[in-house]
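Reading the structure
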Amino acid sequence: RSLVVVHFWAPWAPQCAQMNEVMAALAKEHAQVTFVKLEAEAVPEVSEKYEISSVPTFLFFKNSQKVDRLDGAHAPELTKKVQRHASSSSISAGSNDIAKEDLAVRLKKLINAAPCMLFMKGSPKEPRCGKSFSKQMVEILNKHGISFSSFDIFSDEEVRQGLKTYSNWPTYPQLYVAGELIGGLDIVKELEASGELDTVCPKACKLEDKLKALINKAPVMLFMKGNKQMAKCGFSKQIIEIINSTGVDYETFDILEDEEVRQGLKTYSNWPTYPQLYVKGDLVGGLDIVKELKENGELLPILKGEN
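Residues numbered from 1 in each chain as written. Predicted model: local features only at pLDDT ≥ 70, side-chain atom pairs only at ≥ 80, totals over all residues. Heavy atoms only, no water.

Quick look at the pattern of salt bridges now. Using the criterion set out here, one finds 15 salt bridges in the structure. Linking Asp 102 and Lys 80 is a salt bridge whose minimum nitrogen-to-oxygen distance equals 3.9 Å. Residue Asp 102 is located in helix 4 (residues 93-111), and its partner Lys 80 is located in helix 3 (residues 75-86); the two are separated by 22 residues in the primary sequence. Using a relative accessible area of 28% as the deciding quantity, one classes Asp 102 as partly exposed. Using a relative accessible area of 33% as the deciding quantity, one classes Lys 80 as partly exposed. (Salt bridge = Lys/Arg side-chain N within 4 Å of Asp/Glu carboxyl O. Helix = DSSP H or I, 4+ residues; strand = E, 2+ residues; numbered from the N terminus. Buried < 20%, exposed > 50% of the residue type's maximum accessible area, 1.4 Å probe, protein only.)

Dropping the structure here:
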């Protein structure tokens, strides 16, 4: 019944080693908390179930229920979350006020995470709403070509309850534009009927146009998990090391930051995995292809556009 903190980590990521040290220190402070390490890539079915797309990621469980998560190597935030959940049964009035303030800051960030934000049950591809309100909302937004990001309120009970109070809106889904609440499904239906929806919400450029623009953003473009400074998977780390060894300038795009690009590019390029390397808008391939080209001495001329 006590708190369990699970660290999804990878042996190739130095930031995970740092956070393991932080966890060891926290374990000494909080004897009643159970800390567990799981190698994310060794348990793909578990990582997929809990949507672990980068390391380190921490999940918090109480009574076998997930109550919180933390993505990234944020030692102060991890410490704060462990302290809060470990002592939640005996919260004093003062620390409760601090928790409320922290939540308000977090909600504001989430609401402003994209020009158009939808808080819903489930995801646009898999709405999880008994009366299908979330599904109907997604269908209306897609029908009008509206560009939006979403947040699954089932993934975070604190956000789910807190947003109701923060926005003074008791139900889901909730749609926000430029950080302002538009309303729920009924309001969006009214806006659609009056023709105002298209003026209120930002339009999406066609995904294909967006992908073409990204692929051609630089002569050499690498689509990967993470970026040049910090790869978030072993394959991405290896391909960066190979490209860096050539001395050729290149740009990267973090597919973990944009689910639409992540899924769309697989279909567009007919290449199902990442990383993906492009030169002058043409797909070269993934890690295995790049390794072969490097061994054959063909990689440098290809990256320079000579081949």
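So, about helix 12 (residues 287-296). Regarding helix 12, the residues found buried are Leu 287, Val 290 and Leu 293. Down the axis of helix 12, the sector holding all buried residues measures 125 degrees, keeping them to one side. Along helix 12, the residues that are exposed and aim more than 90 degrees away from the buried face are Asp 288, Glu 295 and Asn 296. Each element contacted by the buried residues of helix 12 is listed here: helix 10 (234-246), strand 11 (276-279), strand 12 (282-285) and helix 13 (299-303). The first or second residue beyond helix 12 is Gly 297, which carries a positive phi of 75 degrees. (Arc of directions from axis to C-beta. Contact = heavy atoms within 4.5 Å.)

For the rest of this paragraph, the subject is the sheet that holds strand 5 (residues 116-120). On the basis of which strands lie adjacent, the open sheet formed by 4 strands has the order 6-5-7-8 and mixed pairing. Looking at which strands have only one partner, the edges of the open sheet turn out to be strand 6 (149-152) and strand 8 (180-183). On average, each strand axis in the sheet is tilted by 30 degrees relative to the strand beside it, whichever way the strands run. Sheet topology note: the strand 5/strand 7 (residues 174-177) ladder contains 4 bridges and is antiparallel. Bridge assignment links Met 117 to a residue of strand 7, and that residue is Tyr 176. Where helix 6 (residues 157-167) meets the sheet, its contacts fall on strand 5, strand 6, strand 7 and strand 8, and the angle it forms with strand 7 comes to roughly 60 degrees. (Pairing = 2+ DSSP bridges. Axes fitted to C-alpha atoms, helices over the stretch in contact; angles between N-to-C directions.)

Let us look at the environment of Ser 123. Within the element layout of this structure, Ser 123 appears in the loop between strand 5 and helix 5 (133-143). As for Ser 123 and Thr 165, which are separated by 42 residues in sequence, their C-alpha atoms are 22 Å apart.

Along its sequence, the chain is organised into domain 1 (3-87), domain 2 (96-200) and domain 3 (209-304). Computed over C-alpha atoms, the centres of domain 1 and domain 2 are 28 Å apart. Listed by partner, the interface residues are 4 residues for domain 1 and 6 residues for domain 2. Carbon and sulfur atoms make up 36% of the surface buried where domain 1 meets domain 2, a total of about 480 Å² over both sides. Here domain 1 is connected to domain 2 by 2 salt bridges. The salt bridge partner of Glu 158 is Arg 84, with a shortest N-O separation of 3.1 Å. Run the count over domain 1 and domain 2 and you get 1 residue pair in polar contact (both at pLDDT 80 or more). Each residue belonging to the side of domain 1 that touches domain 2 can be placed in one class, and the counts come to no nonpolar, no polar and 4 charged. (Domains from an automatic or database assignment. Buried area = accessible area lost by both parts, 1.4 Å probe. Polar contact = N/O pair within 3.5 Å; in protein donor to acceptor, adjacent residues only side chain to side chain. Nonpolar A, V, L, I, M, F, W, Y, C, P; charged D, E, K, R; others polar.)

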